[in-house]
Number of protein chains: 2
Amino acid sequence: MYVLHNYFRSSTSTRVRIALGLKSLPYEYRSYALLEKEHQSEAYLSMNPDGLVPTLETPDGYLGQSLTILEYLEEKHPTPPLLPLDSAGRARVRSLAHAVALDIHPLNNLRVLQYLGDQFDADKQAIKAWFTHWVGHSFASVEKRLASEPQTGLFCHGDTPGLADICLVAQYLNNTRFDVPSAAYPTIQRIVEACLELQAFDDALPLNQPDAPVS
Amino acid sequence: MYVLHNYFRSSTSTRVRIALGLKSLPYEYRSYALLEKEHQSEAYLSMNPDGLVPTLETPDGYLGQSLTILEYLEEKHPTPPLLPLDSAGRARVRSLAHAVALDIHPLNNLRVLQYLGDQFDADKQAIKAWFTHWVGHSFASVEKRLASEPQTGLFCHGDTPGLADICLVAQYLNNTRFDVPSAAYPTIQRIVEACLELQAFDDALPLNQPDAPVS
């Protein structure tokens, strides 16, 4: 059985939880409080020298990097697939996923927002503007593609959820914490809502994790 | 024949040029001057609504996102491979590539450095510190892994260059523009030097492109 070393609120962790759920793979949940720097502990660093969550413990060893983990799970457990079978479709889905996972998320990570506060005296307003700026740039083009390309279905690519949906939903959940307006992205919103009706996505939600605060 | 829409100095463009070279795929080179915002022109955006370089023109349409393009080329032209054939090896190579491509490069992009200057009055010194900070975090763990893991060979994984080497070299070239010290990363440096002896890497160097300034 897989062991997922992660944190409820981390959106890269959310991505992996969704994928494990979609593929019906049971896993043990272990949590690391980022605000208390538990992912910088010697124990965590011995599994993953990057010092970033998540880490997936597998028969092939400890794997870091959420996109690496998603590709690994896809190779090991191809059904149900997170990527289409044709190269053009795979490239389309990866490019949508990467537009979110490379052009938005790395800029809006906790460690980056902390650096902006520490080194540039960025206040709450400035951090919100930063966060919203990078979401806006990529969400505008992702929305345009999803709204205009014929491959879009109930989900980003056809009528089954996959890699792009996973990255999109994890980012969307993150956006709500910074009050990013979503009215400009009706197709993204429609797809996120369709995803959130599925058990695998609901199970992976930050607030449904054992280390989430009791509301 | 492929057409690569790119910019000599862009390190995501360099990644794709190296991959095309390693796979001996001929391509037509088209350049877009980022400083003159040619990648924001209507013509460019109609190919790639992200407004980011590179874009690869393929029989399957226009592809954006360099990591998507690398995975596409690997699927279409599997020989010579950029990824090992076993899942554990593929995960190792992808995780090294992603540590650079997701945790360093998105933070040190031209558009991000411009935002820091415009919105936070970051001067040259502050931008250098920002750049060096993110390189240092990930390079320290990549160095540790490459120096200690038995799979490391002449290159990141065994004795043939692949996805991780491509991302590492493109980042390393970028570092030299910001005087990032490299003495702390002897294994990375050794691997980069081995790569740069290969024709495919040399051909892909920014200064060997048609749009590079004549020195």
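Residues numbered from 1 in each chain as written. Chains lettered and ligands numbered in written order. Predicted model: local features only at pLDDT ≥ 70, side-chain atom pairs only at ≥ 80, totals over all residues. Heavy atoms only, no water.

What follows covers the overall build of chain A. Assigned secondary structure in chain A consists of nine helices and four strands. Mapped from its N terminus to its C terminus, chain A presents α and β elements in the order β-α-β-α-β-β-α-α-α-α-α-α-α. Looking at chain A residue by residue over its 215 residues, the buried ones come to 60%. Considering only residue pairs separated by 6 or more positions, chain A has 68% of its internal contacts joining residues 24 or more positions apart. Of the charged side chains in chain A, 17 are positive and 25 negative, and the gap between their average positions amounts to 3 Å. (Helix = DSSP H or I, 4+ residues; strand = E, 2+ residues; numbered from the N terminus. Buried < 20%, exposed > 50% of the residue type's maximum accessible area, 1.4 Å probe, protein only. Contact = heavy atoms within 4.5 Å. Lys, Arg positive; Asp, Glu negative; His and termini not counted. Charge placed at Lys NZ, Arg CZ, Asp CG, Glu CD.)

A few words on the packing of aromatic side chains. Across all of its chains, the model carries 20 aromatic pairs over all chains by this definition. A ring pair is formed by Y115(A) and F120(A), whose centres lie 6.2 Å apart and whose planes are at 50°; its orientation type is tilted. Take Y115(A): its relative accessible area is 10%, and that puts it in the buried class. Relative to W134(B), the ring of Y115(A) lies with its centre 5.5 Å away and its plane at 45°, an arrangement referred to as tilted. Note that Y115(A) is positioned in helix α5 (residues 110-120) and W134(B) in helix α6 (residues 124-148), a pairing that runs across two chains. Within the aromatic cluster, the residues linked to one another by ring pairs are Y115(A), F120(A), W130(A), W134(A), Y115(B), F120(B), W130(B) and W134(B). (Phe/Tyr/Trp six-rings, centres within 6.5 Å; stacked < 30°, edge-to-face > 60°.)

Turning next to the domain arrangement of chain A. Residues and elements named next belong to chain A. Each assigned domain of chain A is listed here: domain 1 (2-80) and domain 2 (87-201). A separation of 20 Å is found between the C-alpha centroids of domain 1 and domain 2. Contacts between the two partners involve 15 residues from domain 1 and, on the opposite side, 18 residues from domain 2. In this assembly, domain 1 packs against domain 2 so that about 1,500 Å² is buried in total across both faces, 71% of it on carbon and sulfur atoms. Summed over the three residues of domain 1 that lose the most area to domain 2, namely R15, I18 and L22, the buried surface amounts to 35% of that side. Our count for the domain 1 to domain 2 interface comes out at one salt bridge. Between R94 and E71 there is a salt bridge; the shortest N-O distance is 2.8 Å. Here domain 1 and domain 2 share three residue pairs in polar contact (both at pLDDT 80 or more) between them. (Domains from an automatic or database assignment. Buried area = accessible area lost by both parts, 1.4 Å probe. Salt bridge = Lys/Arg side-chain N within 4 Å of Asp/Glu carboxyl O. Polar contact = N/O pair within 3.5 Å; in protein donor to acceptor, adjacent residues only side chain to side chain.)

On to the environment of S13(A), then. All names here are of chain A. With respect to the helices and strands, the residue S13 is situated in helix α1 (residues 11-22). Residues S13 and E71, 58 residues apart in the sequence, show an inter-C-alpha distance of 14 Å. Leaving out residues up to four positions away in the same chain, S13 has contacts with N6, Y7, V53 and P54.

What follows concerns the relation of the copies chain A and chain B. Between the two copies of this chain, the relationship is a rotation about some axis together with a displacement along it. Aligned on chain B, chain A shows an RMSD of 0.0 Å; the corresponding rotation is 180° and the shift along the axis is 0.0 Å. Both chain copies can therefore be described as sitting about a two-fold axis. An overlap of 100% is found between the interface residues of chain A and their copies at the interface of chain B, pointing to a shared contact surface. (Least-squares fit on C-alpha atoms with pLDDT ≥ 70 in both.)

Let's shift gears to the environment of L207(B). All names here are of chain B. Tracing the sequence through the fold places L207 in the segment after α9 (199-204). We classify L207 as exposed; its relative accessible area is 61%. Placed 38 residues apart in sequence, L207 and V169 show a C-alpha to C-alpha distance of 14 Å.

Moving on to the pattern of salt bridges. Residues and elements named next belong to chain A. In total, this model carries 20 salt bridges over all chains according to the counting rule given. Notably, a salt bridge pairs E28 with R30, separated by 2.8 Å at the nearest N-O pair. On the accessibility criterion, E28 (33% relative accessible area) is partly exposed. The partner of D60 in a salt bridge is K76, and the shortest N-O contact between them spans 3.5 Å. Highlighted residues: D60 in the loop between β3 (55-58) and β4 (61-64) and K76 in helix α3 (residues 66-76), separated in sequence by 16 residues.

Attention now goes to the sheet that holds strand β1 (residues 2-6) of chain B. Residue and element names in this part refer to chain B. Taken in spatial order, the four strands make up an open sheet running β2-β1-β3-β4, and their pairing is mixed. In this open sheet, the two edge strands, each paired with only one partner strand, are β2 (27-31) and β4 (61-64). When the angles between neighbouring strand axes are averaged without regard to direction, this sheet yields 20°. In this structure, β1 lies alongside β2, joined through five bridges in parallel fashion. For L4, the partnering residue across the bridge sits in β2 and is Y29. Against the sheet, helix α1 (residues 11-22) makes contact with β1, β2 and β3 (55-58), and its axis sits at roughly 160° relative to β1, the strand it touches most. (Pairing = 2+ DSSP bridges. Axes fitted to C-alpha atoms, helices over the stretch in contact; angles between N-to-C directions.)

A few words now on the nonpolar core. The biggest cluster of nonpolar side chains holds 124 residues, and the ones touching the most others in it are W130(A) and W130(B). Residues within four places of W130(A) in sequence aside, it is in contact with L107(A), N108(A), V112(A), L113(A), L116(A), V112(B), Y115(B), L116(B), F120(B) and W130(B). (Core = buried A, V, L, I, M, F, W, Y, C linked by side-chain atoms within 4.5 Å.)

Chain A puts 41 residues into the contact, and the matching count from chain B is 41 residues. Both faces combined, the contact of chain A with chain B buries some 4,000 Å², and carbon together with sulfur accounts for 63% of it. Considering only the side of chain A, the residues that lose the most area to chain B are R111(A), Y115(A) and F120(A), jointly responsible for 16% of the buried surface there. On the surface where chain A and chain B come into contact, there are six salt bridges. Across the pair R94(B) and E75(A) runs a salt bridge, and its minimum N-O distance is 3.0 Å. Applying the counting criterion to the chain A and chain B interface returns 20 residue pairs in polar contact (both at pLDDT 80 or more). Residue assignment for the side of chain A that touches chain B shows that the elements contributing at least two residues are β4, α3, α4 (87-101), α5 and α6 (124-148) of chain A. Of the residues assigned to the side of chain A that touches chain B, the class counts are 21 nonpolar, nine polar and 11 charged. (Nonpolar A, V, L, I, M, F, W, Y, C, P; charged D, E, K, R; others polar.)

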